[in-house]
Amino acid sequence: KDRERPSVGVIHRYRTKDEVLLAVKRETGKDIEAIRSEKGELRQLVMEVLYRVGGLKGPEIGRLFGIDYGPVSQERKRLREKLPNNRKLRALMSRIEGKLSSNEI
């Protein structure tokens, strides 16, 4: 039965980078320039959403943030380690993904 249901990535893979960034801006009030200049959880979250929902790969995300793809992988890994214990961060990610899965864009 599970094989018949598409994964979240398959459902969302048609969202563009711009749609992802617009949803992030609407939810956080920060554009890519502001996110690019800061370190931390929001930046990690945007990288993860761009990967999972926007369909971008590490090198593409790295170019967007002005870094190599290796640090993108590390940032996404750090986020995945934090998510299980950080309810606030999980809620933010859920709200952004929710906006992208609906017709709010």
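Since we're looking at a predicted model, the values are computed, not measured.

K.L.:
Is there a simple way to think about the overall build of the protein chain in this case?
P.N.:
Along its length, the protein chain carries seven helices and zero strands. For the protein chain, the sequential pattern of α-helices and β-strands runs α-α-α-α-α-α-α. Residue burial in the protein chain is summarised as follows: out of 105 residues, 36% are buried. Considering only contacts within the protein chain whose residues lie at least 6 apart along the sequence, 66% involve residues at least 24 apart. As presented, the protein chain carries roughly 6,700 Å² of accessible surface, and 47% of it is formed by carbon and sulfur atoms.

K.L.:
Would you mind going over the pattern of salt bridges with me for this structure?
P.N.:
Any two side chains of opposite charge can pair, so long as their charged atoms come close to each other. Applying the stated criterion across every chain, the model contains nine salt bridges. As a salt-bridge pair, Arg-76 and Glu-48 come within 2.7 Å of each other at their nearest N and O atoms. With Arg-76 in helix H6 (residues 69-82) and Glu-48 in helix H4 (residues 41-52), the pair connects residues that are 28 residues apart, well separated along the chain. Across this residue pair, the class does not change: Arg-76 and Glu-48 are buried.

K.L.:
In this structure, what is going on with the packing of aromatic side chains? I would like to understand it.
P.N.:
Each aromatic ring pair is characterised by the separation of its centres together with the angle its planes make. Going through the model one piece at a time under the given rule, you end up with zero aromatic pairs. Sitting over the ring of Tyr-51, Arg-76 keeps its end group 3.6 Å from the ring centre.

K.L.:
Would you take a moment to explain the nonpolar core for this structure?
P.N.:
The nonpolar side chains of soluble globular proteins are, as a tendency, buried together. Within the largest apolar cluster, 25 residues are counted, with the highest numbers of intra-cluster contacts made by Leu-45, Val-46, Val-49, Leu-50, Phe-65 and Ile-96. Within the residue set of this core, elements represented by two or more residues are helix H2 (17-28), helix H3 (32-37), H4, helix H5 (58-65), H6 and helix H7 (87-101). If sequence neighbours within four positions are ignored, Leu-50 has contacts with Lys-17, Val-20, Leu-21, Gly-55, Leu-56, Ile-61, Leu-64 and Phe-65.

K.L.:
Can you help me understand the environment of Gly-98 in this one?
P.N.:
Tracing the backbone shows Gly-98 in helix H7. Classification of Gly-98 as partly exposed rests on a relative accessible area of 29%. Placed 75 residues apart in sequence, Gly-98 and Ala-23 show a C-alpha to C-alpha distance of 9.3 Å.

K.L.:
Is there a simple way to explain the side chain of Arg-76 in this structure?
P.N.:
The exposure class of Arg-76 is buried, given its relative accessible area of 12%. Residues contacting Arg-76, with those up to four places away along its chain left out, are Met-47, Glu-48 and Tyr-51.

What counts and what doesn't
- Residues numbered from 1 in each chain as written.
- Predicted model: local features only at pLDDT ≥ 70, side-chain atom pairs only at ≥ 80, totals over all residues.
- Heavy atoms only, no water.
- Helix = DSSP H or I, 4+ residues; strand = E, 2+ residues; numbered from the N terminus.
- Buried < 20%, exposed > 50% of the residue type's maximum accessible area, 1.4 Å probe, protein only.
- Contact = heavy atoms within 4.5 Å.
- Areas by Shrake-Rupley, 256 points an atom, 1.4 Å probe, with all protein chains shown as cover.
- Salt bridge = Lys/Arg side-chain N within 4 Å of Asp/Glu carboxyl O.
- Phe/Tyr/Trp six-rings, centres within 6.5 Å; stacked < 30°, edge-to-face > 60°.
- Lys NZ or Arg CZ within 6 Å of the ring centre and 35° of its normal.
- Core = buried A, V, L, I, M, F, W, Y, C linked by side-chain atoms within 4.5 Å.

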